[in-house]
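Listed below are the residues making up each chain.
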Amino acid sequence: MSFKGSASDAKADAVRGLRVGVVGAGVMGSNHARVLAGLPGVTLVGIVDPLPEHRARATAMVGCRAFAELEELFDEGVDAITIAAPTHLHHEVALACITRNIHILVEKPVASTVEEGQDIVNAARSAGVTLMVGHVERFNPAVAAIKQAIAGEDILSIGITRVGPFPPRMSNVGVVIDLAVHDIDLIRWFTESDIVEVQPQLSSAVAEREDIALLQFRTASGVLAHINTNWLTPFKARNVTVATRGKYVMGDLLTRQVTECFGFKPDGSYSMRHLPVGHDEPLRAELIAFLHAVRTGNVPAVSGDEGVASLEIAIRCLEQPAKPAASAARKGPRRIAG
Ligand SMILES: NC(=O)c1ccc[n+]([C@@H]2O[C@H](COP(=O)([O-])OP(=O)(O)OC[C@H]3O[C@@H](n4cnc5c(N)ncnc54)[C@H](O)[C@@H]3O)[C@@H](O)[C@H]2O)c1
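Residues numbered from 1 in each chain as written. Predicted model: local features only at pLDDT ≥ 70, side-chain atom pairs only at ≥ 80, totals over all residues. Heavy atoms only, no water.

### Quick look at the overall build of the chain
Note the cut-off: Helix and strand definitions here come from DSSP, where helices need a minimum of 4 consecutive H or I residues and strands a minimum of 2 consecutive E residues; each element is numbered from the N-terminal end. The rule is simple: take the accessible area with a 1.4 Å probe, protein chains only, and divide by the maximum for that residue type; under 20% is buried, over 50% is exposed, in between is partly exposed. Between two residues, a contact is recorded if the distance between any of their heavy atoms is within 4.5 Å. Here, Shrake-Rupley sampling with a 1.4 Å probe gives the accessible areas, and only protein chains in the shown set may cover a residue.
Assigned secondary structure in the chain consists of 11 helices and 14 strands. Going through the 338 residues of the chain one by one, you find that 51% of them count as buried. Restricting the contact set of the chain to residue pairs at least 6 apart, pairs at least 24 apart contribute 68%. Put simply, the chain shows about 15,000 Å² of open surface, and 53% of that area lies on carbon and sulfur atoms.

### As for helix α7 (residues 141-149)
Counting buried positions along α7 yields 7 of 9 residues, so the element is predominantly enclosed. All buried positions along α7 are accounted for by P141, A142, V143, A145, I146, K147 and A149. Residues of α7 that are buried sit in contact with α8 (175-191), β11 (237-244), β12 (247-252), β13 (257-262) and α9 (282-296).

### Digging into the site of the ligand
We count it as follows: Only heavy atoms are used to decide nearness, and a residue is near a molecule or strand if one of them lies within 4 Å of it. Identification of polar contacts relies on pairs of N or O atoms within 3.5 Å, with a donor-acceptor requirement for protein atoms, meaning one able to donate a hydrogen and the other able to accept it, and with residues adjacent in sequence counted only if both atoms are side-chain atoms.
Around the ligand there are 24 residues in total, and M28, D49, H54, T87 and K108 lie nearest to it. The contact in question runs from an oxygen atom of the ligand to an N or O atom on the side chain of H54, over 2.5 Å. The contact in question runs from an oxygen atom of the ligand to an N or O atom on the backbone of K108, over 2.8 Å. Here the ligand, which alone exposes 850 Å², has 77% of that area covered by the protein.

### A word on the sheet that holds strand β2 (residues 42-48)
Let me state the cut-off plainly: Strands are treated as partners if at least two bridges between them are detected by DSSP.
Within the open sheet, the 6 strands sit side by side as β3-β2-β1-β4-β5-β6. Their pairing is parallel. The open sheet is flanked by β3 (66-67) and β6 (131-134), the only strands paired with a single partner.

### As for the nonpolar core
The tendency in soluble globular proteins is for nonpolar side chains to be buried as a group. Threshold: Take the buried residues of types Ala, Val, Leu, Ile, Met, Phe, Trp, Tyr and Cys, join any two whose side-chain atoms come within 4.5 Å, and each joined set is a nonpolar core.
Core analysis: the largest hydrophobic core is formed by 99 residues, its most contacted members being L36, L73, I81, I104, I158, F190 and F217. By residue number, the principal contributor to this core is α8, which donates 11 residues. Beyond its immediate sequence surroundings of up to four residues, I158 is in contact with I187, F190, T191, V223, L224, A225, H226, T241 and V242.

### Considerations on the pairing of β6
Walk down a regular strand and you will see the side chains alternate between the two sheet faces. Filter applied, for reference: By definition, the crossover connecting two strands over a helix is right-handed if that path, from the first strand to the second, turns clockwise as seen with the strands pointing away from the viewer.
The alternating pattern of β6 places L131 and V133 on one face and M132 and G134 on the opposite face, and all of these are buried. Bridge count for strand β5 (residues 103-107) against β6 is 4 bridges, and the pairing is parallel. Its bridge partner lying in β6, L105 is registered against M132. Regarding topology, helix α6 (residues 114-127) serves as the crossover connection from β5 to the parallel β6, and that connection is right-handed.

### Some details on a nonpolar patch on the surface
Put simply, the test is: Patch building starts from residues that exceed 30% relative accessible area and form no salt bridge, then joins like charges within 9 Å and nonpolar side chains (Val, Leu, Ile, Met, Phe, Trp, Tyr) within 5 Å. By salt bridge we mean one thing: a side-chain nitrogen of Lys or Arg within 4 Å of a carboxyl oxygen of Asp or Glu.
A grouping of Y248, F264, Y270 and M272 is seen on the molecular surface, where their side chains present a nonpolar patch of about 430 Å² in accessible area. Mapped onto the secondary structure, M272 falls in strand β14 (residues 271-274).

### Focus: the sheet that holds strand β10 (residues 224-230)
So the rule is basically this: Fitted lines through C-alpha atoms serve as axes, helices being fitted only where they are in contact, and the angles separating the N-to-C directions of these axes extend from 0 to 180 degrees.
Within the open sheet, the 8 strands sit side by side as β8-β9-β10-β7-β11-β12-β13-β14. Their pairing is mixed. Every interior strand has two partners, whereas the edge strands, β8 (195-203) and β14, have only one. Direction aside, the axes of adjacent strands within the sheet are offset by 10 degrees on average. As paired elements, β8 and strand β9 (residues 212-219) share 8 bridges and run antiparallel to each other.

### Some details on the side chain of D49
The line we're drawing: Note on charges: Lys and Arg go in the positive column, Asp and Glu in the negative column, and His and the chain ends are not counted at all.
Following the sequence through the fold, D49 ends up in the loop between β2 and α3 (52-62). The buried charged residue D49 lacks any salt bridge partner; its closest oppositely charged side chain belongs to R55, at an N-O distance of 5.9 Å. For D49, the side chain forms a polar contact with the main-chain nitrogen of L51, separated by 2.9 Å.

### Brief notes about the pairing of β12
Judged by which residues are buried, β12 turns out to be one-sided: K247, V249 and G251 face inward and are buried, whereas Y248, M250 and D252, on the alternate face, are not. Relative to β12, β11 is paired through 5 bridges, and the arrangement is antiparallel. Within β12, the residue paired with V242 across the bridge is V249. Hairpin connection, β11 to β12: the antiparallel pair is bridged by 2 residues. Two elements, β12 and β13, share 6 bridges in a ladder whose sense is antiparallel. Across the sheet, V249 pairs through a bridge with E260, a residue of β13.

### Overview of the packing of α6 against helix α10 (residues 304-318)
Put simply, the test is: Here roughly perpendicular refers to angles of 65 to 115 degrees, roughly parallel to angles under 35, roughly antiparallel to angles over 145, and oblique to all remaining angles. Residue polarity follows a fixed list, in which Ala, Val, Leu, Ile, Met, Phe, Trp, Tyr, Cys and Pro are nonpolar, Asp, Glu, Lys and Arg are charged, and the others, Gly among them, are polar.
Across the interface, α6 lies against α10 with an axial gap of 9 Å and an inter-helix angle of 175 degrees. One way to sum up the angle between α6 and α10 is to call them roughly antiparallel. In contact with V114, G117, Q118, V121 and R125 of α6, α10 contributes G304, D305, V308, L311, E312 and I315. Along the lines of polarity and charge, the residues of the contact of α6 with α10 split into 5 nonpolar, 3 polar and 3 charged.

### Looking at the packing of aromatic side chains
Convention followed: Paired rings are identified among Phe, Tyr and Trp, the last through its six-membered ring, by centres lying within 6.5 Å, and are further divided according to the angle between planes into stacked (under 30 degrees), edge-to-face (over 60) and tilted (the rest). The criterion for a charge sitting over a ring is simple: Lys NZ or Arg CZ within 6 Å of the ring centre, and within 35 degrees of the ring normal.
If you walk through the whole model with that rule in mind, you get 3 aromatic pairs. Looking at K147, its charged tip hangs above the ring of W189, at a distance of 4.9 Å from the centre. Over the aromatic face of F262 sits the side chain of R273, whose NZ or CZ is 4.1 Å from the ring centroid.

And the structure:
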């Protein structure tokens, strides 16, 4: 699979200008606006946020216009919008955009429930608008290098560690929805297979919601995978290992060093090499890929269906299948906040 987000794509796409807006002027939305403001062929129309201080911060940082209401952005005329409002608003904002035939990139997780996510996917499909989900880690050059290294290999197992301290702004979701959903998407993407078995171990050591998770999976293709994630490690670490029949690939997603061991011999010896890794900013590559899909009408790099599939697995991890009485007692679809 190749990214549709290279620098040459950006140059080619610059021929046709696009009017783009951002919803949510928080941490992610401000970054979306910063990147969009610097892309060729894009007019950043403005950013929407109900909080005056967040609008002022975005205007100061990016120099763009800011609106209190979504309708004001619509009135300006936009081709595409990136949605970086809190997750529980994704459904409402996405449907409002789709109704106006505006193409959307929705931050991860795509929605609060699988039902809402599916609703967004169905609406976008019926309207014929582009829907991409912001699983930005796929655009990390180290992840791309790992994906390339394992292409055509018989993958046996994947291990991902994503740990760090508590985030400065705690939303009301735990580590599974906030962090592990990135890696669920990576496992599905690396293996090009669905996750069919989930064995979660969760604990709330400090926070109200789970702040430690050890998640084990099996894919339909038979790959075993695990995610170790928490908010209790004093430093950030993001590491991926992939064992295939012919290789062992190790990637550090922060330092972007990717190494592979190969040529295993009966005497226990093997060869090792560092792999070339690009230096693109992942968010920039993601937004270029989104705008390229808008311009060409091609399937976006991360489809709505993929976003819903990863959310569904993350929510399954929270449902504690080992306690059937508790899950039977729950009413309605499991909803995440934030
Ligand atoms: N891809 C990633 O790596 C990544 C990282 C962090 C967050 N996210 C996702 O991005 C989204 C936003 O997260 P964040 O960390 O930027 O949160 P945040 O709290 O920093 O920002 C959310 C912003 O949305 C604003 N908002 C509230 N109601 C609104 C409305 N009706 N219309 C427009 N804006 C509204 C808030 O005032 C706030 O400024 C979430 O879905 C989150 O899961 C993705």
